[in-house]
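What follows is the residue order along each chain.
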Amino acid sequence: MRYRLAIILSLFPVLLLAQNSTNSPYSRFGYGELNDNAIGANRAMGGLAVGMRQNNVINPCNPAAYSAIDSTTFMMDVGASVLGTFYSDANGKNATFNGNLEYLNIQFPIWKYFGMSVGIMPYSVTGYSFALSDSVNSNAHYTKAFSGSGGVSEVYAGLSANILDWFAVGANIYYMWGDIANARSVTFTETDQKTISELSVMHVSDYRLRYGAQLFHTFGKHTFLAGGIFEMSKSFNCKYTRVETTTADTAALNDGFSLPMVWGAGLSYKFDNRLTVGLDYTRTDWSKAVYFGKQDSLTTRGRWVVGAEYRHNPSGRGYVEQMYWRMGLSVSDSYLRQTAAKDYCLSVGVGFPLRNIGTIINTTLEYGHRGASNTLQENWLRFTISASIAENWFFKRRL
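In this text, all values refer to a predicted model and were calculated from it rather than measured experimentally.

Points about the overall build of the chain
Now for step 1: Each helix and strand counted, the chain has 3 helices and 19 strands in total.
Now for step 2: Here the chain has a C-alpha radius of gyration of 23 Å; the compact-globule value for 399 residues is 21 Å, and the two agree.
Now for step 3: Based on the C-alpha atoms only, the size of the chain along its principal axes is roughly 85 × 40 × 40 Å.
Now for step 4: Long-range contacts, defined as pairs at least 24 residues apart, comprise 65% of the intrachain contacts of the chain with a sequence gap of at least 6.
Now for step 5: When the accessible area of the chain is evaluated, it comes to approximately 19600 Å², of which 60% is carbon and sulfur surface.

Here it is, written out as structure tokens:
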């Protein structure tokens, strides 16, 4: 047990440094590219999570799901991904590739009807670098360069309880921190023109709460579940500083930011522990959130997810019969007013259970599309591999 805990703790510093997992120019705006808290098996189902309750999957999206864990089981889920993004606009095409360790989540029982989870995940990521060249008449030729890095990470602790045999509630508390740096410059070809550069940094240090609830019941081979999540809007402790190196001009803003209200609902149906289908909707009211003291930069984000999972025979002797086959589709609005087009993501995945132990190796392949043909289009492929480890740690061995 000490050896396993040492491995878990050693991964935390790596995750603290593993910030940039995007090269999208769209991450220049707002708080960057947002994470939807879908991990492991749920990511392969398009991010289906609000209405999902499984005893072998950690579900940080809806904290009410933690109490589904077996009373003698310790679980850990760690995942990494490789991302390839392909861009196109009126000036041409480009491609970028990167990879990163993404998340580490732990779940364990507190008592027969209580479950707890802790973990670390990204809230948002920022990473881009691009340049544009132009001229003013024939006297001033210049290049505009833009770059950014960083992001906001969050560590959470959540508790869930079964109030009744068919009703569970839960809550997560998150501590959020990180720096988002954005730089831009204008460089002139002509030597008599000075280079203009600017660096702005957003420093985040705050907390937030999320509440979840689930209703569930089994009728013979049929299990039905309805779930919901909710977060209150709140002021956001985000400090902003800007320095223009050419004129030595500085600016600072220590308030004027907020986090939006979030609510979501989900439904799922499971047949004979073999087939699971579900539907989620999540709404994030960014249009009412304050950003740089105003409410005109961001817009409300709605997200639909539909997904399914199939196992041919969980108790069968053949290995293929016990494998997990998953697929899903998500459609979401951008929370940036600069991007009116919707984001689409299609995912497929396979779960490989390891024999005689409770570990499942989950693989997911996602194809996504963002942007519009008259601006900048992004098409991306992301491959994620995660290990969902479940072991019996809470029982007395017989001598």
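Alright, that's what it looks like, and here's the rest.
Digging into unusual backbone geometry
Now for step 1: In this structure, aspartate 272 is a non-glycine residue whose phi angle is positive, near 55°.
Now for step 2: Mapping aspartate 272 onto the fold places it in the loop between strand E13 (262-271) and strand E14 (275-284).
Now for step 3: Even without being glycine, phenylalanine 292 reaches a positive phi, approximately 55°.

Considerations on the state of the cysteines
Now for step 1: Counted by the stated rule, this structure contains 0 disulfides.
Now for step 2: Lacking any disulfide linkage, cysteine 61 is separated from the closest cysteine sulfur, that of cysteine 345, by 15 Å.
Now for step 3: Given a relative accessible area of 7%, cysteine 61 falls into the buried group.
Now for step 4: Judged by relative accessible area, which is 9%, cysteine 345 ranks as buried.

Examining the pairing of strand E16 (residues 324-332)
Now for step 1: Because side chains alternate across E16, one face comprises the buried residues Tyr324, Arg326, Gly328, Ser330 and Ser332, and the other comprises Trp325, Met327, Leu329 and Val331, none of which is buried.
Now for step 2: Relative to E16, strand E15 (residues 301-310) runs antiparallel, the two being bridged by 8 bridges. In the sheet register, tyrosine 310 faces E16, and the bridge partner there is tryptophan 325.
Now for step 3: With 9 bridges joining them, E16 and strand E17 (residues 343-353) adopt antiparallel strand pairing. In the sheet register, serine 330 faces E17, and the bridge partner there is cysteine 345.

Quick look at the pattern of salt bridges
Now for step 1: One pass over the full model with this rule turns up 17 salt bridges.
Now for step 2: Between arginine 370 and aspartate 343 there is a salt bridge; the shortest N-O distance is 3.7 Å. Here the residue arginine 370 occupies a position in strand E18 (residues 360-370), and aspartate 343 occupies one in strand E17, the gap between them amounting to 27 residues. Per residue, the accessibility class of arginine 370 equals that of aspartate 343, and both read buried.
Now for step 3: Two residues, arginine 370 and glutamate 378, come together in a salt bridge whose shortest N-O distance is 2.7 Å.
Now for step 4: Owing to a relative accessible area of 1%, glutamate 378 belongs among the buried residues under this scheme.

A word on the nonpolar core
Now for step 1: Among the nonpolar cores identified, the biggest contains 28 residues, and Tyr31, Met176, Met202, Phe236, Cys238, Phe257 and Trp286 are the most heavily contacted of them.
Now for step 2: For this core, the secondary-structure elements that each account for two or more residues are strand E4 (114-136), strand E5 (140-164), strand E6 (167-188), strand E7 (196-219) and strand E10 (238-244).
Now for step 3: With 3 residues, E6 is the largest single contributor of residues to this core.
Now for step 4: Beyond its immediate stretch of four places on either side in the chain, tryptophan 286 contacts Tyr31, Leu34, Tyr123, Ser258, Pro260, Leu298, Thr299, Thr300, Arg301 and Tyr335.
Now for step 5: Counting 9 residues, the second largest nonpolar core, distinct from the first, contains Leu101, Leu104, Ile106 and Phe108.

Here's the deal with the environment of valine 277
Now for step 1: Within the secondary structure layout, valine 277 lies in strand E14.
Now for step 2: Among the residues examined, valine 277 registers a relative accessible area of 33% and is labelled partly exposed.
Now for step 3: Look past the residues within four positions of valine 277 in its chain and what remains in contact with it is Leu267, Ser268, Tyr269, Gly307 and Ala308.

A closer look at the packing of aromatic side chains
Now for step 1: Here the structure, examined in full by the defined rule, presents 21 aromatic pairs.
Now for step 2: Ring geometry for tyrosine 128 against phenylalanine 130: centres 6.0 Å apart, planes inclined by 40°, an arrangement best described as tilted.
Now for step 3: Note on tyrosine 128: relative accessible area 5%, which makes it buried.
Now for step 4: Since its relative accessible area comes to 25%, phenylalanine 130 is described here as partly exposed.
Now for step 5: Pairing phenylalanine 224 with tyrosine 269 gives two aromatic rings, centres 5.1 Å apart and planes at 40°, and the pair type is tilted. One end of the pair, phenylalanine 224, is in strand E8 (residues 222-231); the other, tyrosine 269, is in strand E13, and 45 residues separate them in sequence.
Now for step 6: Assessed through its relative accessible area of 24%, tyrosine 269 is described here as partly exposed.
Now for step 7: Site record: aromatic cluster; members linked through ring pairs are Tyr31, Phe236, Tyr240, Phe257, Trp286, Tyr291, Phe292 and Tyr335.
Now for step 8: Seen from the ring of tyrosine 207, lysine 234 lies directly overhead, with NZ or CZ sitting 4.8 Å from the centre.

Rules and cut-offs
- Residues numbered from 1 in each chain as written.
- Predicted model: local features only at pLDDT ≥ 70, side-chain atom pairs only at ≥ 80, totals over all residues.
- Heavy atoms only, no water.
- Helix = DSSP H or I, 4+ residues; strand = E, 2+ residues; numbered from the N terminus.
- Rg over C-alpha atoms; globule rule 2.2 N^0.38 Å.
- Contact = heavy atoms within 4.5 Å.
- Areas by Shrake-Rupley, 256 points an atom, 1.4 Å probe, with all protein chains shown as cover.
- Disulfide = S-S within 2.5 Å.
- Buried < 20%, exposed > 50% of the residue type's maximum accessible area, 1.4 Å probe, protein only.
- Pairing = 2+ DSSP bridges.
- Salt bridge = Lys/Arg side-chain N within 4 Å of Asp/Glu carboxyl O.
- Core = buried A, V, L, I, M, F, W, Y, C linked by side-chain atoms within 4.5 Å.
- Phe/Tyr/Trp six-rings, centres within 6.5 Å; stacked < 30°, edge-to-face > 60°.
- Lys NZ or Arg CZ within 6 Å of the ring centre and 35° of its normal.

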